[in-house]
Amino acid sequence: MAELSLKRVEKSFNEAHIIKGIDLEVSEGEFVVFVGPSGCGKSTLLRMIAGLEEVSAGEIEIGGRIVNDLPPVQRGIAMVFQSYALYPHMTVYENIAFPLRVERLPQAEVDKRVDAAAKVLQLESRLQQRPGTLSGGQRQRVAIGRAIVRQPRIFLFDEPLSNLDAALRSEMRIELMELHKRLGSTMIYVTHDQVEAMTMADKIVVLDAGTISQIGSPLQLYHKPDNLFVAGFIGSPKMDFINGTVSSADGTTAVVDLGELGTISLPRQSKAIAGQTVTIGIRPEHLNLDRREGEFTLSVTPNIVEQLGIHTVTYSTLPGGENFIGLFEGDPSVPEGQKLDISFALDQVHLFDQAGLAVY
Amino acid sequence: MSDVARTTEAAAGTSSLSATTQAMARTAPRGRRSGRPMIDRYKWYEIVLLYAGMAVFLFFVLAPFIEGFLVSLKPLSQLFSTPYNFIPQNGSFDAYFTMWQSVPMLALYIFNSFFISTVVTLIVIAVVVPAAYAFARFQFGGSGILLGGFLAVNMFSGAVLLIPLFRLMRTMGLLNTYWAMIVPGAAFLIPSSIWLLRTYMMRIPRELDEAAWVDGASRLYTLRRVVLPLAMPGIVVVAIMTFIGAYAQQFIFALTFNSRSEFMPLPIGLFAFFGKQEVIWNELMAASFIGILPVMIVIVFLQRYLVAGLTAGAVKQ
Ligand SMILES: Nc1ncnc2c1ncn2[C@@H]1O[C@H](COP(=O)(O)OP(=O)(O)OP(=O)(O)O)[C@@H](O)[C@H]1O
Ligand SMILES: [Mg+2]
């Protein structure tokens, strides 16, 4: 049985239709990440699950019980806010103990649970400090501690790491993953950072303007994006897209005319795409710097080259006006402004029909 | 920004200014190596100008007090001497002792003033705190109109409404009681206090309420445990302003709604120093100063709760 399930969930703020029918099943112990561009409704959806926003239509079920009209505390969830929302006048101890104080647990039990949480989060030596004297990462851990002590069925995180610097962020990311392993509870995590999404998630939910664009494991989304939006959103640098027209599709091979770049023949069963304006996609990391037998080759002139040591990134513009990014291992010599040949294997190419849906 | 923050900033401003001058004095010609950040450094003539400005301002504010105090030290005869001497000759604190005999009810008047203001303040706080919370946090029909209405009420001073108020008090049988001074006093101070505290409470991040709600706290629990402690500086400002306001406006209400001398507050009581023949100015001044004391004590007491920056660390900025 699903731990959490959303059925045709919708949300409108007055006129604005923000969440447009979401169906989602989350099973127990899963780490689910919501990603999507800013303003697509990630926080709104999370707040609806938490019980902070009313549901305009549809049903939210937690542990088999419809919770649409229940207050947060009866839903068995705990939330860590985008801003940490710590109580600045209370010590770290009292911040973590807050939910237990609300429940009026006996002091011994409060001590036990707060100490346990503090131990997990390495906050033992900070318990008597105020949040104002803590670093960003420590504050974040206090906020998580407050969520842990309730022993909720589901943890909800709203971009908990978004304001930390890069080093601290990757450190906290690992801590959170360890925490998930140790507690084994269901976690729903909102972010717009793809590295977080790719590394932490069992299941990623890609949201686009209030609808689910695709649900899948990180590698599924990476290798088999359902549509142009997901293909462009997952992966960094972004997938390269080239526009073309299908000149023929006979059920085994689709021939795509890429204009000045020539034609490319892709193994595709669909006949329906014949004559359509399509987009082919190739990930920058799947490009090779030389001509290779049996691969498609195009020549571009990089106008900017970034040497990162481990990688070299080239930026160029295709004849059709599309931006074309290349990512190559190591530091090969690719001078700016000089034509070079780039090739890629045909089985790495994604094809999207005129509606933007992937054709495999 | 709230008055609290402004007061503390002002305080911090003056202290850092004097620190600057000290630092400047030490390294007089260059003034560069003081530990001040660049933005806090002033040229010598800027400092002179700042202090000159402050001196002029302070003179206008404080001169009446100084003169009043000097008068209270002088024997009555010296007050009408020509040429007039500002500095008392053989001045003494006699007036501070004799005034209790000249006006035997003086202590009661002072007590009345203090009592009326205290009760007004308590009533205002009890009403304003929940009201401000509601206006800061809930969206309900008519909240905008109500807030606008409060401002409108503030535009009428109590004086304009004296006649209708008088009739109202008479109908309700409140004339010549403490209530005659307490009720209108509180009523006229509540609207502006709601505005002040509402603004203050709106600065407390809403996520704190939401976090408490998610953790199972009721609205009242959140108000008590989260919002009130954080709003404390704002509440203290409201309390101080109300207390002072109540102290100041007693005069007009006492004058119109009360004729019983045992309920008289100090401002009315001071008329007792106006004798048939002469006004005992020195004792009048002395009594005024003693009358201000309770306000001073209250402010000094409440000031401890004016802690700025209490919300530091609540949310990431
Ligand atoms: N209380 C509200 N009233 C009206 N509109 C709202 C409200 N809350 C959110 N919205 C709108 O809903 C949309 C989605 O907001 P939401 O905060 O869920 O975005 P998000 O995906 O979390 O974005 P971000 O990544 O920037 O946090 C936005 O366009 C926002 O303007
Ligand atoms: Mg958000």
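Rules and cut-offs
Residues numbered from 1 in each chain as written. Chains lettered and ligands numbered in written order. Predicted model: local features only at pLDDT ≥ 70, side-chain atom pairs only at ≥ 80, totals over all residues. Heavy atoms only, no water. Helix = DSSP H or I, 4+ residues; strand = E, 2+ residues; numbered from the N terminus. Buried < 20%, exposed > 50% of the residue type's maximum accessible area, 1.4 Å probe, protein only. Contact = heavy atoms within 4.5 Å. Phe/Tyr/Trp six-rings, centres within 6.5 Å; stacked < 30°, edge-to-face > 60°. Lys NZ or Arg CZ within 6 Å of the ring centre and 35° of its normal. Buried area = accessible area lost by both parts, 1.4 Å probe. Salt bridge = Lys/Arg side-chain N within 4 Å of Asp/Glu carboxyl O. Polar contact = N/O pair within 3.5 Å; in protein donor to acceptor, adjacent residues only side chain to side chain. Nonpolar A, V, L, I, M, F, W, Y, C, P; charged D, E, K, R; others polar. pLDDT = per-residue confidence, 0-100. Domains from an automatic or database assignment.

1. Considerations on the side chain of Thr222 of chain B
Residues and elements named next belong to chain B. Structurally, Thr222 can be placed in helix H9 (residues 219-257). Thr222 sits in the buried class, given a relative accessible area of 3%. Those residues in contact with Thr222, other than ones at most four positions away along the chain, are Tyr133, Asp209, Ala212, Ala217 and Val227.

2. A look at the packing of aromatic side chains
Per the counting criterion, the structure on display carries 27 aromatic pairs over all chains. Centroid distance Phe111 of chain B to Phe115 of chain B: 5.7 Å. Interplanar angle 20 degrees. Geometry classified as stacked. Linking Phe111 of chain B with Phe115 of chain B, this pair stays in helix H4 (residues 106-137), spanning four residues, or about one helical turn. Between Tyr178 of chain B and Phe263 of chain B the ring centres are 4.7 Å apart and the planes differ by 50 degrees, which places this aromatic pair in the tilted class. Of this pair, Tyr178 of chain B sits in the loop between helix H6 (162-172) and helix H7 (179-202) while Phe263 of chain B is found in the loop between H9 and helix H10 (266-269), placing the two residues 85 residues apart along the sequence. Comparing Tyr178 of chain B with Phe263 of chain B shows no difference in burial state: the two are buried. Joined through ring pairs, the aromatic side chains of Phe31, Phe155, Phe157 and Tyr189 of chain A make up one cluster. Just above the ring of Tyr360 of chain A sits the side chain of Lys224 of chain A; from NZ or CZ to the centre is 4.0 Å. For Arg198 of chain B, the ring lying beneath its charged end belongs to Trp195 of chain B, and the centroid distance is 5.4 Å.

3. Brief notes about the interface of chain B and chain A
Counting residues at the interface gives 23 residues for chain B, matched by 33 residues for chain A. Summing both partners gives a buried area of about 2300 Å² for chain B against chain A, and 64% of it is carried by carbon and sulfur. The interface formed by chain B and chain A contains three salt bridges. Summed over the shared surface of chain B and chain A, the number is six residue pairs in polar contact (both at pLDDT 80 or more). Of the residues in the side of chain B that touches chain A, the class split is 14 nonpolar, four polar and five charged.

4. Some points on helix H8 (residues 206-214) of chain B
Looking at H8 of chain B, one finds that the buried residues are Leu208, Asp209, Glu210, Ala211, Ala212 and Val214 of chain B. Tucked inside the fold, the buried residues of H8 of chain B contact helix H1 (42-50), strand S6 (77-80), helix H2 (92-102) and helix H4 (136-148) of chain A together with H4 and H9 of chain B. In the segment just after H8 of chain B, Gly216 of chain B is the residue with positive phi, at about 95 degrees.

5. Thoughts on the confidence of the model for chain A
Mean pLDDT over chain A works out to 91, with 100% of the residues at or above the 70 mark. Of all secondary-structure elements in chain A, the lowest mean pLDDT belongs to helix H5 (residues 166-183) of chain A, at 86, while strand S3 (residues 31-35) of chain A reaches the highest, 95.

6. With respect to the side chain of Gln250 of chain B
Along the chain, Gln250 of chain B falls in helix H9. The residues touching Gln250 of chain B, leaving out its near neighbours within four places in the chain, are Ser113, Ile116, Ser117, Leu255, Pro265 and Pro267 of chain B.

7. Regarding the domain arrangement of chain A
Residue and element names in this part refer to chain A. Per the domain assignment, the segments making up chain A are domain 1 (2-233) and domain 2 (240-352). Here domain 1 and domain 2 have C-alpha centroids that lie 39 Å from each other. Taken together, the contact between domain 1 and domain 2 spans eight residues of the former and seven residues of the latter. Between domain 1 and domain 2, roughly 630 Å² of surface is buried when both sides are summed, and carbon and sulfur atoms account for 62% of that area. The three residues of domain 1 that bury the most area against domain 2 are Tyr222, Leu228 and Ala231, which together make up 73% of that side's buried surface. Between domain 1 and domain 2 we count zero salt bridges in total. Our count for the domain 1 to domain 2 interface comes out at two residue pairs in polar contact (both at pLDDT 80 or more). If you list the elements that add at least two residues to the side of domain 1 that touches domain 2, you get helix H7 (218-223) and helix H8 (228-233). For the side of domain 1 that touches domain 2, a count of residues per class yields five nonpolar, three polar and no charged.

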